[in-house]
Structures are given as structure tokens and as C-alpha cells.
Amino acid sequence: MRRRMNRLSGIFLVFLWSLSLVPSLSAAPAPAATELPDPRAMTFSAPAFQPPKPERQVLSNGMILYLLEDRELPLIRMEVIVKTGSIYEPADKISLAGLTGAIMRTGGTKRHSGDEVDEIIDQMAADLSVGIGADAGGAWLDVLKKDFDAGLSLFADILMNPVFEEEKLQIAKNNAIEMIRRRNDRPSSIASREFNKQIYGADNPYGREATEETVRSIVRDDLVAFHRKYFAPNNIMIGVTGDFDKKEIVAKIENAFAGWKKKKIDFPKVPSVVERKDGGVYAIARPITQTQIRIGHLGIKQNNPDFFAVSILDDILGGGGLTSRLFSDVRTQRGLAYSVGSIFRPGNFERGVFIAYGETRVDTTHQAISTILDHIRKIRQEPVTDEELKRAKESFLNSFIFSFSSPAQIVSRKMSLEYYGLPSDFLERYRDNVAKVTQEDILRVAKKYLHPDRLVILAVGDDGKFDQPLSSLGKVTQIQLTP
């Protein structure tokens, strides 16, 4: 009881002491009011960009590994890049590369049928895919940490030992043929496909397209030979991110791919793209109410020293969305287009492309094209404004960091840099190079890389209802689509 009384007395004294402070606090002078700055005039330093660095290793069989641990979730992701692509497939077997990638995933292995592979993946709640594009192949595995050993075993089996079941190949070929038959259903697809052929050439691997004949000519032995030629450990990179121990997972990968021998691969020579000396006007007649517009020419490679200035140029012209010149004028001010913009897409092994695009009413087709052309000419004639340059650079710098929001993205980017022969510090220098771009740089690269006299102008629409004939823009060539 005595101890309790002492505690209560202590509490009471603290209470009296706190009351004694109240008058002194209430009597304290109020702090002087300070005027807050206008938020629109406030400036902030760029957020720090220090992404974690993946560890790079080369195994004895030549396989390159990128490893980056991420313990946040019990998941492991593997990404594979293979040096291959449709640019290496024979001209009479267009679609061979794509079919090879698809059937690697669905067509079974020496140990499992295609249906068994599906069941194993479903039981692990994993995600496993394979694909081959124009200048690279890829494979991806997302799996729970507890199922990693089984997932890795299946993943390695698919990469090394696909058997390309005939039934799965026939299903994929039928799907490809059906897509070819329907490819003229969408005007936007027609415009992009035919524009690409005009830029790269209908016979060049970057511009050619599959036909029913090229798909029908592909047989299982073609897939076996294509896989045998390009899939080897010294021709692939594997990136691994997730919850793992580096030393342990390297040993598991070496064991999974044990016996896979490296070999010399002779890559077919890919013909260079012949740049057009002149532009041209092309029309594809379709009975539709909205016209698809494509305007452009060959662009640059990503290793071009002017890549950063060209990127800012494109942002100001049409790549910057709502704030770009094309969107602000063609859509917002004039109401000519439902969608409009530009893309200065850099290439890697071959030059990329510059495209200005739009979708407009059939009776405003000529006006929309003329307005887009005016903006392409104007940006070559006078410097962009301070506000345009500031906004474009801030947009690039502030959004850049979000391209590396996960360890998987970081590893993927690092692998891509090595695959395409770009400097390993390309990303670290990216923001500094963008920050250095000046108005003079923009004007210089606009004059150097935008060529109004070489523009290919292509319109897919009901040309009999255009507001003016396209012939006022140059001699018009009508393109007849193949069924």
C-alpha cells in the first residue's frame, strides 16, 4: 500500500509540473508567418539513380550469367537471350524462327510430351514461355523458390532437347495461316506492314512478310535444324533474379546444363538495307471512314552519338504525348486526328525508323497529312523553345528511373546492352547525356536526321472521299494488297 501511495504522489507531482508549463507555452510569441514559394516555381534535384549491379559470370561452356538477388518474395525469375532471329531464316521459309520458338514451348522434349510439360507447369503454378523475334530469341521462367529445382530442370530440357511434336507444329501452322488470311482486316495493321516494306524493302529480312506458301513449306526437320544451329550454351545469356544464394544457384545451373557442348555458329549474312534516295506517296484503297496515315524514312541506330538529342527531338515533335507539337496542334487545336504522334525508333543491328502517324476522318486526310509535314519541316528551321526543351528533358529524366523498378528489369536491361553491343555504362550515362542536350543540338539533329524530301507518305483509306487528292503531295502509287 505504501509503495502504491508513493507512485500516486509521483504522478500527481508530474501533473502539477506539466500544468506549470502551460502558461509559459501559451505566452510564447507566435512564429513569424513565412510566405511559401509558388509550387510551380519550385525546382528539385533529379532523383538519385544508383540501381544495384548484377554479377556477371561466364561458365566453362561459354554460357553468360547475370545474377541479382532479391529476397522480397520467395520467387525466382530466369530470362534467356539467344542470338538468333527471323533475319536468319531462309526467304522461302518465312515464319520458321517464330514457329521454332513457339513449338519449343508446346512441342515436348525427350523426357516429356507437350501435354506433360503443360501439366508440370500448371502443378507448379509457374510461367514458362519461349519466343523468337526479328533479331533475338528469348525464354522466360517464373517459379516459386520451393519449385525451382523442378522448374530449372524442365526449363533446361526445353532449351536443349525439344522434339517439336508434329501435331503441335500443324496446329501452329494452321494458326499462322489463319492470321495471314485475316491480316488485311485491320487498317492500322495494313498501314504499318506496308509502310515497313516501303522503308526496308519487301525482300529484306526487316521488311518481308510471311505468306501461306512460306508457312506451308515449313516442316518439322526445318525446326530441328534451326534449333540445332542457334541453340548452344555459348550463344545464350541467362539472367536470374529472386530469392536465391548465388553460389548455390550457379552450381544448379551448371548441373542442369551439364553435357551441353559449345560450338561454332556461322550466322548467315543479313543483306544491308538500301536507303531510298527519294520519298513517295502511296495509297491503299479501303472502304473505311477513318484514314490511317504513316509518314517517315529510315532512322538511326541506338549506338549513334546523337541518340539522346534525337530522342528529345522526337519527344518535342510527336513522341511526348499530350505536350508534343503534333498532338497539341493536329489533335487539340485543329481537331484533325483521333490519334497522332511520332516515333524515332532506334535500331540495333540495322538502322531504325522515323515514323509520324495519325488516324483522321476521311474528309480531313489531306489536311492532316499536310499539317504533319509542316511540323516536320518547321522543327528543322528554327530552335525549339526553352519551355519545350525543359519539359521534354524533365519528362525523360523523371520517367527514366521507373524503367528500373525491379531487379528483373535491371538484369534484363544489362543483358540487352551486352547483346546489342552497347557500352555497359550506357544506362548510367543516359541521364547525363540527356541533361546535356541543348536547343542547338535539337536543331542540328533535326536538320541531319529529318529529310522531308525522302519521306514515304502512306495512307490507307477511301481515297475517293479525301478532302484533296494526294497527288498534290507527289505522284501517287496505288498498292494492291495480296489476299
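First things first, this report covers the structure right here in the doc. Small disclaimer: the values here were computed from a predicted structure and weren't measured. Per chain, residues are indexed from 1 in the order of the written sequence. Per-residue local features of the predicted model are confined to residues with pLDDT of at least 70, and side-chain atom pairs are confined, for both listing and counting, to 80 or more; whole-chain, interface and lining totals are unaffected and use all residues. Only hydrogens and water are set aside when side-chain values are computed; all heavy atoms of the structure are taken into account.

### A few points about the pairing of strand β2 (residues 64–69)
Then, number 1: The buried fraction of β2 amounts to five of the six residues, a majority that puts the element mostly inside the structure.
Then, number 2: When DSSP finds at least two bridges between two strands, those strands are taken to pair. Helix numbering and strand numbering both begin at the N terminus, where a helix is a DSSP run of H or I of at least 4 residues and a strand a DSSP run of E of at least 2. Strand direction decides the pairing type here: strand β1 (residues 55–58) and β2, joined by four bridges, are antiparallel. Residue pairing across strands places glutamine 57 opposite leucine 65, the latter belonging to β2.
Then, number 3: Where β1 folds back on β2, the antiparallel hairpin that results is connected by five residues, among which glycine 62 adopts a positive phi of roughly 90°.
Then, number 4: Pairing geometry for β2 and strand β6 (residues 236–242), over six bridges, is parallel. Following the sheet pairing, isoleucine 64 is matched in β6 by methionine 237. For each residue, the accessible area found with a 1.4 Å probe, counting protein chains only, is set against the maximum for its type, and the residue is called buried under 20%, exposed over 50%, and partly exposed in between.

### Regarding the nonpolar core
Then, number 1: Throughout, nonpolar core names a set of buried Ala, Val, Leu, Ile, Met, Phe, Trp, Tyr and Cys residues whose side chains join them through atoms within 4.5 Å. With 69 residues, the main nonpolar core has Met63, Met78, Ile238, Val240, Ile249, Ile253 and Phe257 as its most contacted residues.
Then, number 2: Here this core gets eight residues from one element, more than from any other, and that element is helix α4 (residues 148–160).
Then, number 3: Residue contacts are counted whenever heavy atoms from the two residues lie within 4.5 Å of one another. Setting aside residues no more than four positions away along its own chain, isoleucine 253 makes contact with Leu59, Met63, Leu65, Met78, Leu152 and Val240.
Then, number 4: Counting 63 residues, the second-largest nonpolar core is a separate cluster that includes Ala283, Ile293, Val310 and Phe466.

### Some words on the packing of aromatic side chains
Within a pair of aromatic rings, the relevant descriptors are the distance that separates the centres and the angle that separates the planes.
Then, number 1: Stacked, tilted and edge-to-face are the three classes applied to pairs of Phe, Tyr and Trp rings, where Trp contributes its six-membered ring and a pair requires centres within 6.5 Å; stacked means planes under 30 degrees apart, edge-to-face means over 60, and tilted covers the rest. A complete count under the given rule lists 16 aromatic pairs for this structure.
Then, number 2: Look at phenylalanine 349 and tyrosine 420: their rings are 5.3 Å apart centre to centre, the planes differ by 55°, and that puts the pair in the tilted class. Taken together, the residues span a long stretch of sequence, with phenylalanine 349 in the loop between β9 (337–345) and β10 (353–361) and tyrosine 420 in the loop between α14 (407–419) and α15 (426–435) at a distance of 71 residues.
Then, number 3: Ring geometry for phenylalanine 426 versus tyrosine 430: centroids 6.2 Å apart, planes at 70°, classification edge-to-face. Of the two residues, phenylalanine 426 and tyrosine 430 are both situated in helix α15; the distance of four residues between them amounts to about one turn of the helix.

### Observations concerning the sheet that holds strand β5 (residues 137–144)
In a beta sheet, neighbouring strands are held together by backbone hydrogen bonds and run either parallel or antiparallel to one another.
Then, number 1: Strand order in the open sheet made by the six strands is β1-β2-β6-β3-β5-β4, with mixed pairing throughout. The open sheet has two free edges, formed respectively by β1 and β4 (127–132), since each of these has just one partner strand. Between one strand and the next, the sheet's axes are offset by a mean angle of 15°, whatever the strand orientation.
Then, number 2: In this sheet, β5 lies alongside strand β3 (residues 75–82) in antiparallel orientation, the contact comprising eight bridges. Each bridged residue has a counterpart across the sheet, and for isoleucine 81 the counterpart in β5 is glycine 138. Only the stretch in contact is used when fitting a helix axis, every axis being a line fitted to C-alpha atoms; angles between N-to-C directions are given from 0 to 180 degrees.

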